[in-house]
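# What the coordinates show
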Amino acid sequence: MYAATSRGFNRLLDAVVRIDVRETTIEDGAQRFTGGIGSGVIISADGLILTNAHVASPLAVEISVTLASLERVNAKLIGWDHWTDLAVIQVDLGDLRRRKLKFTYAEFGDSNALTPGETVYAVGTPYGLTRTVTRGIISNNNRPFEDPRGIRGYEVGMFNNWLQTDAAINPGNSGGPLVTEDGRVVGINSRAYIGADNLGFAIPSAIAQRVSQILVKKGSVTRSYLGIVPGVLQDLERFYSLASNTGMLVNSVDPGSPVARAGLRPGDIVLTLNGQKIDGRFPEQLPPIQNLIADLPVGSAVKLGVKRGSQSLELSAVTEKLESRVGEEMVLEKWGLSVRRVSRAFARENQLTDDSGVLVIGVQGGYPAALSGIAVGDIISKVAGEPIGTLAHLQEHYQSYVDKPAPVLVEAQRNRRIALYVFKP
Amino acid sequence: MKFSRIILIGVALLISSRAADLPALIQERLASVVAVEFVIQTEVERHPVTAAGTVIDDQGTIILPGSVIPPTIAPGQLSGFKVYHPGSSEEHEAAYLGQDALTGWHFVRAEERMRKELVPIAKFAGTGTAGTRMGDELWGIGLRGKQEDFVPYVLSSRVAMIARFPNETAVLAQDVAGPGLPVFTPAGQFAGLALNSFGQNFLLFSQNHNGTPILLVNAEESSVVLLAAEALPQLGRIPQAVTGRPMAWIGVYGLQPVDPEVAKLLKLEKQSGVVISDIMAGSPAAQAGLQDRDIVLAIDGQPLPRFKPDQVVVTYAGQEIVRRHPGDVIALSVLRGTERHEIKVTLGDEPKMIREASRRYFEKLGLTVREFLKYDGLMNRSSPEDTGGVVVHFLKPNSPAASAGLQPNDWLREIDGVPVKDYAEAVEKLAAIEADAARREFVLLASRNGETQVLRIKLN
């Protein structure tokens, strides 16, 4: 049977949308508007649309959806999760009703039942070419693919594996569905190797369904954090005298993290997590283990069965809330400065003493910040002699500058080295 | 007219005396100029180096610019020092004496039989006190490469500007000498030593570049001259040891200039300052109670001058430390918040440097490890008590160690799952692994930017 003749497939085609996003980005210390095109798939009768986190983000100021009928309607962001590159938006139902527009929604298939070699179709808007269908097969149904800065500097892929397909996926396909011949959504197309031949990746529908349900309810996914950086045990079992298919190697322990306080050390092998046996032999086994930890309630006690040399230990740690390396951002236009909160993850990554201070992410030429000599990457630690802990704190100083412009002394650190600057009107 | 004839005769005499004397002056001054050749031996390569040097005394001592030897190269890696007269292929043996911390110069001494043909540069130092001024004409010497027997040539130009960087330096309109070689007045008086040239901005136009900005540095000739008044007093700084020790040390690693705007806001009139941070635990500065954010305003009562660009004051402060000796007490006037403090620091001796660190190359494994230094602790942001392990100093390309993903400067904390106490223990373990022909693999715990990694190194 051809996909084109299947009723399911036709229904799916009616559920795929083009998404045009206008968003504010912070560049060179000023807020600017940019636009982008992506794809999405309607997943419910109340007009919820699943797409990628890198298509529709909290920076979006205007999201416009083009339905299969080629009618355009506005949409708003419901939830966002960069870790799985998923976002949920919802069309303006009131507008739809007024204009008497109709749509259908797609049905999910079972991504866990996919086998390599199975035919799949990608539907989306590559390079703005609306409603493009491409065909391929599942090349691999369990591909690990993590990128610590994959989504505009945000982490992606630590907690899930991906479907790999040779169905052509190009820029603009992002957020569109990967479907089986009967039109059931088995994945959300997310990324491809640029310049490679047909190496595309999609988030499996099992994960997309689960995450989208949480996003609809809460707007974001809360995950737990322990501070273990796992490594692959493959070929090291003999060295650690382990039965094969047992345990997860601790490659690194984040300083100051729950497991660091619990006494976990690099080179330890985690055999059990709350009594459950763990197997981290191959790279694709690690995201599910990471997800097991992430799924624990924040603040819950965790028992780790650990092998250290010939010793067996039981360590207990209490999970913390997972944070991204990217903190909230803010633009201070009169200073020509854009800044970002220093998150705990960023502080650890950069070996900062703590997570206080505000990171400079853009300076605009000719404005007070740029003229003072402060540069991208500097961390503002004091203004007018007072420590800066949060964005709000900096905002206060900025406001008093705006109200009554006068030279202000700014202390910033670069590689922990302290320097002074003056922002003056 | 009698009057004009006198003037004409005067001018004619001046011109003829210059024209007649310059070749002779050059010939005479070539006795202060040599070419020096040596070899830098690394784990897998021998790099031949040639440099130009200036003779500083009648013991055959020669100075070379600091940049001719990378700072991590140990004196033991240097060999085969040879000295040549300009335009001659005759080799003379020489010995390496070490590097001076203040000037950065490397010192080399030529063998006895060559010494009588060498003339110390100070012999050409003038007696006048006028010094070099803007607009003065100067000339200097350059040397061609070894293939041309280091044949000398002459350059001349005019002083375009004089500035303090922080040492009094003349920048000429055009290149005037090879880096490391002397520059003279038209009368033949020593005017200064050519430093490495500054970069010059150009725009590149070609098929693929439409006005791309590029920075060009002339490696063979320079227009930057350290003036004689600054150079002459330093010529005697021959290192007492090949390591360059003793070297005064304060232990402050973050030094940032106070720019004029900041100075104005802090009400520091007409002077500069240096904000200090990154103070090494246990260092002289830490022991004396210096703190992050202290602003140094004066050293031994001397206010820090204002230099242009601002960054020069940092070099100035650094020089004020290294020109002193370990054990000297230095008084720093610092601004802490709104209060002024006078802090006396007893300078220590520079901790072991990378070029002095014990190191060993394991050829089969494909890496050199060296001992963990205080400075590594600073770079790794580790606690001062955490001094175990060794540092990867070199990786042989495509070797087992390199293929496993190690990188230079990785800090090796464990070998085969056991923490490494110190350098001796690491060397013992690695040597045992290298000697064991039956060994198929070993495991390292390496730390990089505060994150660790378990690495399996496959041997074949």
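Residues numbered from 1 in each chain as written. Chains lettered and ligands numbered in written order. Predicted model: local features only at pLDDT ≥ 70, side-chain atom pairs only at ≥ 80, totals over all residues.

In this section: the pairing of strand S24 (residues 367–371) of chain B. Looking down a regular strand, the side chains alternate between one sheet face and the other. Residue and element names in this part refer to chain B. Counting buried residues along S24, five of its five residues qualify, which places the element largely inside the surrounding structure. Alignment of strand S23 (residues 359–362) against S24, held across four bridges, turns out to be antiparallel. Bridge assignment links Arg 360 to a residue of S24, and that residue is Val 369. Hairpin connection, S23 to S24: the antiparallel pair is bridged by four residues, and Gly 366 has positive phi, about 90°. Here S24 pairs with strand S25 (residues 390–395) via five bridges, running antiparallel. Residue pairing for S25: Val 369 is matched across the bridge by Val 392. (Buried ≥ 20, exposed ≤ 12 C-beta atoms within 10 Å, placed from the backbone. Helix = DSSP H or I, 4+ residues; strand = E, 2+ residues; numbered from the N terminus. Pairing = 2+ DSSP bridges.)

With that settled, consider the domain arrangement of chain A. It is common to give the size of an interface as the accessible area that goes away when the parts come together. Domains assigned within chain A are domain 1 (1–220), domain 2 (224–321) and domain 3 (326–423). When each unit is reduced to the centre of its C-alpha atoms, the spacing between domain 2 of chain A and domain 3 of chain A is 37 Å. (Domains from an automatic or database assignment.)

Attention now goes to the sheet that holds strand S3 (residues 61–64) of chain B. All names here are of chain B. Sheet architecture is closed into a barrel: six strands sit in the order S1-S2-S3-S6-S5-S4, paired in antiparallel fashion. Neighbour to neighbour, the strand axes of the sheet diverge by 40° on average, direction disregarded. In terms of strand pairing, strand S5 (residues 92–99) meets strand S6 (residues 106–110) through five bridges, oriented antiparallel. In the strand pairing of S6, Gly 98 is matched with Phe 107. (Axes fitted to C-alpha atoms, helices over the stretch in contact; angles between N-to-C directions.)

Attention now goes to the interface of chain A and chain B. Of the residues lining the interface, 24 residues belong to chain A; the matching set on chain B comes to 24 residues. Contributing elements (two or more residues each) for the side of chain A that touches chain B: strand S16 (228–231), strand S17 (248–253) and strand S29 (417–423) of chain A. In terms of residue count, the dominant contributor to the side of chain A that touches chain B is S29 of chain A (six residues). Residue composition of the side of chain A that touches chain B, by class: 13 nonpolar, seven polar and four charged. (Contact = placed C-beta atoms within 7 Å. Nonpolar A, V, L, I, M, F, W, Y, C, P; charged D, E, K, R; others polar.)

This part takes up the pairing of strand S28 (residues 408–414) of chain A. All names here are of chain A. Summarising burial for S28: five of the seven residues are buried, a large majority. Taken together, the seven bridges between S28 and S29 define a ladder with antiparallel strand orientation. Each bridged residue has a counterpart across the sheet, and for Glu 411 the counterpart in S29 is Leu 420. Once S28 ends, the chain turns through two residues before running back antiparallel as S29, passing Asn 415 with a positive phi of about 50°.

Residues and elements named next belong to chain A. With antiparallel pairing, six strands are arranged side by side around a closed barrel as S1-S2-S3-S6-S5-S4. Strand after strand, the sheet turns through a mean of 40° between neighbouring axes, direction not considered. In this structure, strand S2 (residues 30–42) lies alongside strand S3 (residues 48–51), joined through two bridges in antiparallel fashion. Its bridge partner lying in S3, Ile 42 is registered against Ile 49.

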